[in-house]
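# A structural walkthrough
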Amino acid sequence: TGMNWDARVVVTLPRPRRETREFAQGGECFECHPECERIEGNVTCNGSGADTCTRCAHYRDGPHCV
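Residues numbered from 1 in each chain as written. Predicted model: local features only at pLDDT ≥ 70, side-chain atom pairs only at ≥ 80, totals over all residues. Heavy atoms only, no water.

Going by the annotation in an unreviewed UniProt entry, the name recorded for the protein is ERBB3 kinase, with Brachypteracias leptosomus given as the source organism.

Here is the structure:
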């Protein structure tokens with residue numbers, strides 16, 4: 001499918017009713033930075049920093065979502 005293992009984990013995480021955004025690292029799931037835009041069915045971020053978002057929820061200032 002072209003997805004790496006981490007992407008599959010992120011896509012298949014059970015979603016609570018709140019708008020959480022997660023990424024996988026070392027087989028565990030962690031929350032993305034709150035300024036990352038949630039992307040349903042795809043990778044929202046690849047780390048916890050504001051510079052690791054696939055897309056920003058609001059604006060991008062250089063490499064960081066703000």
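## Some words on the pairing of strand β2 (residues 28-31)
Within a regular beta strand, the side chains point alternately toward one face of the sheet and then the other, so they alternate between its two faces. Both strand β1 (residues 22-25) and β2 contribute to a ladder of four bridges, which runs antiparallel. Looking across to β2, one finds that Ala24 is bridged to Cys29. The hairpin formed by β1 and β2 contains two residues between the paired strands, and Gly26 there has a positive phi angle of roughly 60 degrees. (Pairing = 2+ DSSP bridges. Helix = DSSP H or I, 4+ residues; strand = E, 2+ residues; numbered from the N terminus.)

## Regarding the pattern of salt bridges
Throughout the structure, instances matching the rule amount to two salt bridges. Across the pair Glu40 and Arg38 runs a salt bridge whose closest N-O atoms are separated by 3.0 Å. Exposure remark for Glu40: the relative accessible area of 58% places this residue in the exposed category. What makes Arg38 buried here is its relative accessible area of 19%. (Salt bridge = Lys/Arg side-chain N within 4 Å of Asp/Glu carboxyl O. Buried < 20%, exposed > 50% of the residue type's maximum accessible area, 1.4 Å probe, protein only.)

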